[in-house]
Amino acid sequence: MSSDQRIGSAFPVVHYGPFSLANLADSQDGTAIPYDTNGDDTAPMPADGHIVAISARLNAALTAGTITIKPTVDGTEDTDGSTVISGTEQTETESDFVNGLVEFDEGERLGTVYDSDADVEPNTVDIVVDVYVVFDLNDAL
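Presented here is a report on the structure given in the accompanying data block. Keep in mind that this is a model prediction, so the values were computed, not measured. (Residues numbered from 1 in each chain as written. Predicted model: local features only at pLDDT ≥ 70, side-chain atom pairs only at ≥ 80, totals over all residues. Heavy atoms only, no water.)

1. A short note on the side chain of H50
Thinking step 1. Following the sequence through the fold, H50 ends up in strand β4 (residues 49-58).
Thinking step 2. Residue H50 is classed as buried on the basis of its relative accessible area of 9%.
Thinking step 3. For H50, the residues in contact, after removing those within four places along its chain, are N99, G100, V102, E103, F104, Y132, V133, V134 and D136. (Helix = DSSP H or I, 4+ residues; strand = E, 2+ residues; numbered from the N terminus. Buried < 20%, exposed > 50% of the residue type's maximum accessible area, 1.4 Å probe, protein only. Contact = heavy atoms within 4.5 Å.)

Now the structure itself:
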């Protein structure tokens, strides 16, 4: 059994999302990807824990440029959990599954943001991002 499988067995992974945004623009830096249709960019966490992975997918392949997707905790970007979609014909990506990748406390809000370079084409692509967390249940009980 791999270490990833042991982590997933011992600590159930919880999915938050989707975070989604239509028509990604080029030349962006830290642009929020909303959590819900009410325009809320974040999701409140019910207990201490950590992000273990994020994944992202586009509705169409990039023909040029790079998009970097990063998790946020209470509005602070964390590059440790970032993942990149770049080059041509790529439509999805995921970060490595790492236990304890990005920590958060009960009540803090998780979100996602993206950066894009000036070469991103087409700038009409939509993105969906999923965040996977593990709660520190020992602290909650």
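2. Considering the environment of D105
Thinking step 1. Note on placement: D105 falls in the loop between β9 (102-104) and β10 (109-116).
Thinking step 2. Relative accessible area serves as the criterion here: at 44%, D105 is assigned to the partly exposed category.
Thinking step 3. Sequence separation between D105 and G49 is 56 residues, and the spatial gap between their C-alpha atoms is 6.4 Å.
Thinking step 4. Excluding anything up to four places from it in sequence, D105 contacts M45, A47 and D48.

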